[in-house]
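Single-letter residue listing:
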Amino acid sequence: RAETPGELLIQAPQGFEFEKDCLPSLETWLDTILGGRESPPPWSPAPEPPPIPCDEELWPNKHFGLICGICKVLVSRFNSLYRTCNGYCSAIGRRCTGAWEEEDNTCNEEYEITCGQTLPWSYDAICECGEPAEPALSPAESPAPAPVPAE
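Residues numbered from 1 in each chain as written. Predicted model: local features only at pLDDT ≥ 70, side-chain atom pairs only at ≥ 80, totals over all residues. Heavy atoms only, no water.

Trainee: Any chance you could explain the overall build of the protein chain here in plain terms?
Mentor: Looking only at helices and strands, the protein chain features 4 helices and 5 strands. The secondary structure elements of the protein chain, listed N-terminal to C-terminal, are α-α-β-β-α-α-β-β-β. Per-residue burial over the protein chain gives 24% buried out of 151 residues. For the protein chain, the proportion of contacts with a sequence separation of at least 24, taken over those separated by at least 6, is 54%. Only carbon and sulfur atoms are counted for the fraction: they give 57% of the accessible area of the protein chain, which is about 11,500 Å². (Helix = DSSP H or I, 4+ residues; strand = E, 2+ residues; numbered from the N terminus. Buried < 20%, exposed > 50% of the residue type's maximum accessible area, 1.4 Å probe, protein only. Contact = heavy atoms within 4.5 Å. Areas by Shrake-Rupley, 256 points an atom, 1.4 Å probe, with all protein chains shown as cover.)

Trainee: What exactly am I supposed to notice about the state of the cysteines here?
Mentor: Each disulfide consists of one covalent bond between the sulfur atoms belonging to two cysteines. Summed over the entire model, instances satisfying the criterion amount to 5 disulfides. Covalent S-S linkage joins Cys-68 and Cys-107, the inter-sulfur distance amounting to 2.0 Å. In this structure, the disulfide formed by Cys-68 and Cys-107 twists by about -75° around the S-S bond and is classed as left-handed. With Cys-68 in strand 1 (residues 62-69) and Cys-107 in the loop between strand 3 (94-102) and strand 4 (109-113), this pair connects stretches of sequence that are 39 residues apart. Here Cys-107 falls in the partly exposed class, since its relative accessible area comes to 24%. Looking at the protein chain, its bonded cysteines, counted consecutively from the start of the sequence, adopt the pairing 1-3, 2-7, 4-9, 5-10, 6-8. (Disulfide = S-S within 2.5 Å.)

If you want it as structure tokens, here you go:
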């Protein structure tokens, strides 16, 4: 065939078959479309959302202003106001992820306690509060109790 101005003629290599070498097989095409294991999906998984900053400086009742780590503070008025680390974390809109009895009004952990454990003898404790807590349902949003069958 003659070349027209501006057109480039490309010669296929010896043994090249257009149907076989250029078009995917039906099986390959279906695997790609239907997410078969031979081809990666055409999308990437959504990236993890960035962690919500704790901003411990704004947290109330830090004994001596002590911040003991990321999302972790020495809580004063523990036994009289919050009673548990669940209580403290809930008061700042977060979930408790760790709790400890402290040693000598410092960030040194004497021993681990549960998030729901009270320490009636202790004025302070170390609480770690993670992600924001789910908002509580209002009475109007609460699920209705299951009906009791009549006898």
